[in-house]
Amino acid sequence: MPGTKRYQHVIETPEPGEWELSGYEAAVPITEKSNPLTQNLDKADAEKIVQLLGQCDAEIFQEEGQIMPTYQRLYSESVLTTMLQVAGKVQEVLKEPDGGLVVLSGGGTSGRMAFLMAVSFNQLMKGLGQKPLYTYLIAGGDRSVVASREQTEDSALHGVEELKKVAAGKKRVIVIGISVGLSAPFVAGQMDYCMDNTAVFLPVLVGFNPPEGLSGSSRMKGGSATKILLETLLLVAHKTVDQGVVASQRCLLEILRTFERAHQVTYSQSSKIATLMKQVSTSLEKKGRVYLVGWQTLGIIAIMDGVECIHTFGADSQDVRGFLIGDHNDMFNQKAELTNQGPQFTFSQDDFLTSILPSLVEIDTVVFVFTLDDNLTEVQALVEQVRKKTTSIQALVHSTVGQSLPAPLKRLFPSIISITWPLLFFEYEGSYVQKFQRELSTKWVLNTVSSGAYVLLGKILQNHLLDLRIANSKLFWRALAMLQRFSGQSKARCIESLLQAIHFPQSLSDDVRAAPISHHVQVAHEKEKVIPTALLSLLLRRPIAEAKARLAAAPSVCEVVRSALSGPGQKRTTSETLQPGVQ
């Protein structure tokens with residue numbers, strides 16, 4: 001807490017940065033601002049990438065600045081007060097559970113985070129002999145948990161319909177809508193419906209939107225902060241209701257500090273994280289595949305990371321895949337939605353054994369993610385099977401002080417990221433703190449590794465996701481903003497080029513130009529390299545077909561774009577920016 005010595009931070013985090021200064025990218029929404037820390041990320045090596053992204057993650061825990069108190073923080077008095085208010089409302093449902101429900105809802109990363117937290121808190125309640133009171137909603141249904149279906153978050157009506165289904169017959173429903181940029185229509189529709197029906201519903205809207213290390217990539221800091229904030233307030237609600245005491249800021253701060261320590265513990269392994277990043281990048285460069293195999297909820301984190309690479313970096317759905325080892329029968333709302341739906345919806349242990357293991361080759365990388373509390377005999381058996389196919393394996397292992405990896409298992413890995421956690425002497429609910437720490441740590445490692453790997457592959461320009469897949473309206477407008485930023489041309493000209501790249505080889509008719517954004521998104525989300533194609537066409541003043549040909553012949557997307565930016569007749573370089581919206 002600012003100004004209270006009793007609650008001094010354990011970690012020294014940076015002072016508020018340049019992005020908070022008045023006028024910094026003033027025309028750009030905060031979710032789309034570029035982070036000055038990473039403005040040269042595309043020129044960094046693996047070790048530097050880990051350092052920079054680690055610094056960006058540390059910004060989550062910055063205190064509200066006394067000099068520039070522009071943005072609220074996790075530790076801001078107003079945020080802590082709101083967290084306590086929400087925890088109090090959850091307590092009311094926990095005290096009188098009949099007819100009560102807590103709904104966690106979101107689209108894309110936010111929806112997957114809602115799924116993870118609903119699973120965790122239902123497990124917590126079952127362990128106490130209580131009836132589970134949590135459920136989740138994700139735009140597009142359960143298939144969106146394990147596959148990239150970001151376009152589904154654009155429907156407000158879909159959000160309302162799904163909420164009505166799960167809330168039918170309930171007397172008191174808390175709806176926690178998660179939208180990092182406060183922009184998802186799926187969540188907005190639910191919030192609006194709740195506010196019209198306050199006799200039953202209490203709407204809570206959660207957003208967290210400072211500039212990301214990769215501009216607009218809210219799966220990273222935004223996703224992490226969502227997890228920290230909601231798990232903290234929900235744990236406090238459970239802990240205090242069972243103890244019969246009132247929730248306090250002290251309870252919140254006690255848990256928040258454990259998450260902050262998790263950052264230090266995780267990034268103490270920076271050199272090994274960089275090693276894994278280089279190995280993953282090498283596999284992808286050689287057209288190999290990367291498989292993230294996690295036990296229990298760490299498998300959910302692995303699935304999330306793999307899915308999010310598709311739209312974030314324009315990756316193929318098979319490039320980076322996550323798999324969950326362990327029982328998942330009680331996790332999903334509609335597990336039938338995931339049965340026999342095609343290879344992009346495979347995620348289980350059986351799926352890995354039957355569809356992945358037989359086809360593994362040496363250029364593939366397999367990362368095993370587990371704790372020393374998991375079934376290590378099972379871990380060793382699977383590692384031994386994989387080693388017969390590829391020696392490119394690594395482990396991310398979580399342990400507590402006093403635990404050690406058995407020597408026979410340790411010898412199977414050429415490299416291990418070993419994260420050791422201190423013993424936490426909490427009651428039952430508090431034991432979940434360590435589970436949540438391990439999940440967050442795993443998220444940080446995997447996000448940094450996959451993001452860094454694509455940086456090394458030339459998918460990033462400065463710190464902008466130049467090759468993202470346009471999967472919803474938010475990403476359509478982000479694409480347009482990047483074209484304006486780097487080409488310096490008018491909004492009208494950039495829209496024309498973007499639509500040409502989306503609909504190529506079809507020529508643009510007036511009807512196509514007048515079509516709603518949803519139509520363009522539907523076409524674009526199936527296509528690769530739309531944004532770099534449009535940008536090259538603008539920079540070179542050449543047709544889309546020629547821009548596509550140049551990209552196809554180039555070693556990396558950003559290399560050919562940098563060349564065009566620095567070519568004759570170009571007024572701007574990659575170190576210059578243009579604020580979107582300027583015409």
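Residues numbered from 1 in each chain as written. Predicted model: local features only at pLDDT ≥ 70, side-chain atom pairs only at ≥ 80, totals over all residues. Heavy atoms only, no water.

You'll find the protein entered in an unreviewed UniProt entry as Glucokinase regulatory protein, with Cricetulus griseus given as the organism.

1. A short note on the overall build of the protein
When you go through the protein residue by residue, the secondary structure sums to 21 helices and nine strands. Split into buried and exposed, the 583 residues of the protein put 60% on the buried side. Contacts in the protein between residues far apart in sequence, at least 24 positions, make up 76% of those at least 6 positions apart. Of the accessible surface of the protein, which amounts to about 22700 Å², a share of 51% is contributed by carbon and sulfur atoms. (Helix = DSSP H or I, 4+ residues; strand = E, 2+ residues; numbered from the N terminus. Buried < 20%, exposed > 50% of the residue type's maximum accessible area, 1.4 Å probe, protein only. Contact = heavy atoms within 4.5 Å. Areas by Shrake-Rupley, 256 points an atom, 1.4 Å probe, with all protein chains shown as cover.)

2. Some thoughts on the pairing of strand β4 (residues 201-206)
In the sheet, strand β3 (residues 172-178) pairs with β4 via six bridges, with the strands oriented parallel. Across the sheet, the residue bridging to Ile178 is Val206, located in β4. (Pairing = 2+ DSSP bridges.)

3. Points about the nonpolar core
In this structure, Tyr134, Ile176, Leu230, Ile470, Leu498 and Val561 are the most contacted members of the largest nonpolar core, which totals 146 residues. When residues of this core are assigned to their parent elements, the largest contribution, 11 residues, is made by helix α14 (residues 428-456). Each of two domains, domain 1 (96-208) and domain 2 (473-565), supplies a minimum of three residues to this core. Each residue touching Tyr134, except ones within four places of it in the same chain, is listed here: Val90, Val102, Leu104, Ala118, Phe121, Asn122, Met125, Leu234 and His238. Listed in part, the 26 residues of the second largest apolar core include Ile356, Leu357, Leu372 and Leu409. (Core = buried A, V, L, I, M, F, W, Y, C linked by side-chain atoms within 4.5 Å. Domains from an automatic or database assignment.)

4. What about unusual backbone geometry?
Residue Pro505 follows Phe504 across a cis peptide bond; omega there is 10°. Within the secondary structure layout, Pro505 lies in the loop between α16 (491-503) and α17 (510-513). In this structure, Gln296 takes a positive phi of about 55° despite not being glycine. With respect to the helices, strands and loops of the structure, Gln296 is situated in the loop between β5 (290-295) and α10 (297-313). The phi dihedral of Gln462 falls on the positive side, at around 60°, and the residue is not glycine.

5. Things to note about the sheet that holds strand β7 (residues 365-371)
Overall, parallel pairing links the five strands, which are arranged β6-β5-β7-β8-β9 in an open sheet. What marks the edges here is a single partner per strand, and that holds for β6 (320-325) and β9 (416-421). Ignoring strand direction, the axes of neighbouring strands in this sheet form an average angle of 15°. Across the face of the sheet, α10 comes into contact with β5, β6, β7 and β8 (393-400) while running at roughly 160° to β6. Contacts from helix α11 (residues 349-356) reach β5 and β6 within the one sheet, and its direction differs from that of β6 by about 130°. (Axes fitted to C-alpha atoms, helices over the stretch in contact; angles between N-to-C directions.)

6. Considerations on the environment of Leu52
Relative to the elements of secondary structure, Leu52 occurs in helix α1 (residues 46-58). A relative accessible area of 9% means that Leu52 is categorised as buried. Separated by 396 residues in the primary sequence, Leu52 and Thr448 have C-alpha atoms spaced 9.8 Å apart. Each residue touching Leu52, except ones within four places of it in the same chain, is listed here: Leu37, Thr38, Leu41 and Ala44.

7. Some points on the packing of aromatic side chains
For the structure on display, the rule yields 16 aromatic pairs. A centroid spacing of 6.5 Å and a plane angle of 75° characterise the contact between Phe61 and Trp444, whose relative ring orientation is edge-to-face. Of this pair, Phe61 sits in the loop between α1 and α2 (77-95) while Trp444 sits in helix α14; the two residues are 383 residues apart in sequence, bridging distant segments of the chain. Here Phe61 matches Trp444 in class, with each residue buried. Members of the aromatic cluster, connected to one another through ring pairs, are Phe121, Tyr134, Tyr432 and Phe436. (Phe/Tyr/Trp six-rings, centres within 6.5 Å; stacked < 30°, edge-to-face > 60°.)

8. Re the packing of helix α15 (residues 473-487) against helix α19 (residues 530-540)
Each packed pair of helices is defined by two parameters, the angle between the axes and the distance between the axes. Interaxial distance between α15 and α19 falls to 10 Å at its minimum, and their mutual angle equals 30°. In terms of axis orientation, α15 runs roughly parallel to α19. Between α15 and α19 lies a crossing whose hand is right-handed. Of the residues in α19, those in contact with Ala479, Met482, Leu483, Phe486 and Ser487 of α15 are Ile531, Ala534, Leu535, Leu538 and Leu539. Counted by class, the contact of α15 with α19 contains nine nonpolar, one polar and no charged residues. (Parallel < 35°, antiparallel > 145°, perpendicular 65-115°, else oblique. Left-handed = near helix turned anticlockwise from the far one by under 90°. Nonpolar A, V, L, I, M, F, W, Y, C, P; charged D, E, K, R; others polar.)

9. Points about the confidence of the model for the protein
A residue-level look at the protein finds 88% of positions with pLDDT of 70 or above and a mean pLDDT of 87. Taken together, the stretch residues 1-14 has pLDDT below 50 and engages in 32 contacts with residues farther than four places along the chain or on a different chain. A low-confidence stretch, residues 571-583 stays under pLDDT 50, and its non-local contacts, those more than four residues away or across chains, total 31 contacts. (pLDDT = per-residue confidence, 0-100.)

10. A word on the environment of Pro406
Tracing the backbone shows Pro406 in the loop between β8 and α13 (407-410). Since its relative accessible area comes to 32%, Pro406 is described here as partly exposed. For Pro406 and Gln380, which are 26 residues apart along the polypeptide, the C-alpha to C-alpha distance reads 9.8 Å.

11. Structural notes on the pairing of β3
Burial of β3 is extensive: six of the seven residues sit out of reach of the surface. Sheet topology places strand β1 (residues 100-106) next to β3; seven bridges connect them, and they run parallel. Among the inter-strand pairings, Val103 is bridged to a residue of β3, identified as Val175. In terms of handedness, the path from β3 via helix α6 (residues 185-196) over to β4 forms a crossover that is right-handed. (Right-handed = clockwise from strand over helix to strand, strands pointing away.)

12. Details of the pattern of salt bridges
Once their charged atoms are close, side chains differing in charge can pair, the charge on each being opposite to the other. Per the stated rule, a full pass over the model turns up 19 salt bridges. For Glu308, the salt bridge is made with Arg112, and the minimal N-O distance between the two is 3.6 Å. Of the two residues, Glu308 is situated in helix α10 and Arg112 in helix α3 (residues 109-127); the sequence distance between them amounts to 196 residues. Per residue, the accessibility class of Glu308 equals that of Arg112, and both read buried. Taking the shortest distance from any N to any O, the salt bridge between Arg513 and Glu496 comes out at 2.8 Å. Taken as a pair, Arg513 in helix α17 and Glu496 in helix α16 lie far apart in primary sequence, 17 residues in all. The exposure class assigned to Arg513 is partly exposed, which follows from its relative accessible area of 36%. (Salt bridge = Lys/Arg side-chain N within 4 Å of Asp/Glu carboxyl O.)

13. What about the packing of α2 against helix α7 (residues 221-243)?
It is the contact of α2 with α7, at a shortest axis distance of 8 Å, that shows an interaxial angle of 50°. With respect to their mutual orientation, α2 and α7 come out oblique. Seen along the crossing, α2 lies across α7 with a hand that is right-handed. Residues Val79, Met83, Val86, Ala87, Val90, Gln91, Leu94 and Lys95 of α2 touch α7, and the partners they reach there are Leu229, Thr232, Leu233, Leu234, Ala237, His238, Thr240 and Val241.

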